[in-house]
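Chain and residue survey
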Amino acid sequence: DFYATWCGPCRMIAPIVEQLAEKTAGKATVGKVDIDQAQQVTTSLQITSVPTLILFKDGKEVKRVVGVKDLDYLLNLINSYS
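Residues numbered from 1 in each chain as written. Predicted model: local features only at pLDDT ≥ 70, side-chain atom pairs only at ≥ 80, totals over all residues. Heavy atoms only, no water.

This part covers the state of the cysteines. Should the sulfur atoms of two cysteines be covalently bonded, the bond is a disulfide. Per the stated rule, a full pass over the model turns up one disulfide. Residue pairing for Cys-7: its cysteine sulfur links by disulfide to Cys-10, the two sulfurs lying 2.5 Å apart. Measuring the twist about the S-S bond at about 80 degrees, one finds the Cys-7-Cys-10 disulfide to be right-handed. Cys-10 matches Cys-7 in its accessibility class, with the two residues each being buried. (Disulfide = S-S within 2.5 Å. Buried < 20%, exposed > 50% of the residue type's maximum accessible area, 1.4 Å probe, protein only.)

Next comes the structure, spelled out in C-alpha coordinates:
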(Lines give C-alpha, C1' and ligand atoms only; values in the text may rest on other atoms or scores of the structure.)
Protein backbone atom coordinates (compact mmCIF):
# COMPACT_ATOMS: atom_id res chain seq x y z
CA ASP A 1 0.00 0.00 0.00
CA PHE A 2 1.63 3.20 -1.18
CA TYR A 3 0.01 6.05 0.73
CA ALA A 4 0.45 9.57 2.06
CA THR A 5 -0.57 10.86 5.48
CA TRP A 6 -2.29 13.87 3.86
CA CYS A 7 -4.37 11.69 1.48
CA GLY A 8 -8.06 11.28 2.39
CA PRO A 9 -8.65 8.12 0.33
CA CYS A 10 -5.48 6.64 1.87
CA ARG A 11 -6.98 7.11 5.33
CA MET A 12 -10.20 5.47 4.09
CA ILE A 13 -8.40 2.36 2.84
CA ALA A 14 -6.04 2.03 5.83
CA PRO A 15 -8.40 -0.13 7.95
CA ILE A 16 -9.16 -2.28 4.90
CA VAL A 17 -5.44 -2.88 4.37
CA GLU A 18 -5.11 -3.82 8.06
CA GLN A 19 -7.96 -6.33 7.71
CA LEU A 20 -6.35 -7.68 4.55
CA ALA A 21 -3.08 -8.25 6.42
CA GLU A 22 -4.91 -10.14 9.16
CA LYS A 23 -6.90 -12.31 6.75
CA THR A 24 -3.89 -13.19 4.59
CA ALA A 25 -1.36 -13.74 7.39
CA GLY A 26 0.90 -16.63 6.46
CA LYS A 27 -0.24 -16.47 2.84
CA ALA A 28 0.76 -12.96 1.78
CA THR A 29 2.87 -10.16 3.19
CA VAL A 30 1.13 -6.81 3.36
CA GLY A 31 3.22 -3.67 3.70
CA LYS A 32 2.69 0.06 3.76
CA VAL A 33 4.99 2.65 2.20
CA ASP A 34 4.66 6.37 2.95
CA ILE A 35 5.46 8.01 -0.38
CA ASP A 36 6.78 11.14 1.33
CA GLN A 37 9.26 9.09 3.38
CA ALA A 38 10.33 6.72 0.59
CA GLN A 39 10.59 8.91 -2.47
CA GLN A 40 13.28 6.80 -4.12
CA VAL A 41 11.11 3.66 -3.99
CA THR A 42 8.08 5.64 -5.09
CA THR A 43 9.97 6.99 -8.10
CA SER A 44 11.47 3.64 -9.07
CA LEU A 45 8.01 2.01 -9.06
CA GLN A 46 6.47 5.00 -10.88
CA ILE A 47 3.81 5.67 -8.24
CA THR A 48 1.87 8.67 -9.54
CA SER A 49 -1.36 8.42 -7.51
CA VAL A 50 -2.24 7.35 -4.00
CA PRO A 51 -3.45 5.07 -2.70
CA THR A 52 -1.74 2.59 -4.98
CA LEU A 53 -1.63 -1.08 -4.08
CA ILE A 54 0.83 -3.31 -5.90
CA LEU A 55 0.68 -7.08 -5.83
CA PHE A 56 4.04 -8.77 -6.20
CA LYS A 57 4.55 -12.46 -6.82
CA ASP A 58 8.02 -13.96 -6.72
CA GLY A 59 9.44 -10.43 -6.55
CA LYS A 60 7.71 -9.24 -9.70
CA GLU A 61 4.77 -6.88 -10.04
CA VAL A 62 1.70 -8.77 -11.26
CA LYS A 63 -1.09 -6.28 -10.57
CA ARG A 64 -1.48 -2.60 -9.67
CA VAL A 65 -4.65 -1.08 -8.24
CA VAL A 66 -5.17 2.65 -7.76
CA GLY A 67 -7.84 4.06 -5.47
CA VAL A 68 -9.99 2.70 -2.69
CA LYS A 69 -11.11 -0.91 -3.08
CA ASP A 70 -13.12 -3.04 -0.66
CA LEU A 71 -11.80 -6.01 1.29
CA ASP A 72 -13.53 -8.63 -0.87
CA TYR A 73 -12.01 -7.20 -4.03
CA LEU A 74 -8.51 -7.27 -2.53
CA LEU A 75 -8.93 -10.78 -1.11
CA ASN A 76 -10.13 -12.06 -4.50
CA LEU A 77 -7.18 -10.33 -6.16
CA ILE A 78 -4.67 -12.06 -3.88
CA ASN A 79 -6.42 -15.40 -4.22
CA SER A 80 -6.38 -15.16 -8.02
CA TYR A 81 -2.56 -15.01 -7.96
CA SER A 82 -2.00 -17.69 -5.29
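It is worth spelling out unusual backbone geometry at this point. Cis rather than trans, the peptide bond between Val-50 and Pro-51 has omega equal to -5 degrees. Turning to its location among the elements, Pro-51 is positioned in the loop between helix H2 (39–44) and strand S3 (52–57). Even without a glycine there, the phi angle at Gln-46 is positive, about 55 degrees. Since its relative accessible area comes to 61%, Gln-46 is described here as exposed. You will see that Asp-58, though not glycine, has its phi angle at about 55 degrees, which is positive. Tracing the backbone shows Asp-58 in the loop between S3 and strand S4 (60–66). Classification of Asp-58 as exposed rests on a relative accessible area of 71%. (Helix = DSSP H or I, 4+ residues; strand = E, 2+ residues; numbered from the N terminus.)

Summarising the element assignment, Asp-34 is placed in strand S2 (residues 33–34). Lys-32 provides the closest opposite charge to the buried, salt-bridge-free Asp-34, at an N-O distance of 9.3 Å. Of the polar contacts made by the side chain of Asp-34, one reaches the backbone nitrogen of Asp-36; its length is 2.9 Å. Excluding anything up to four places from it in sequence, Asp-34 contacts Tyr-3, Ala-4 and Thr-5. (Lys, Arg positive; Asp, Glu negative; His and termini not counted. Salt bridge = Lys/Arg side-chain N within 4 Å of Asp/Glu carboxyl O. Polar contact = N/O pair within 3.5 Å; in protein donor to acceptor, adjacent residues only side chain to side chain. Contact = heavy atoms within 4.5 Å.)

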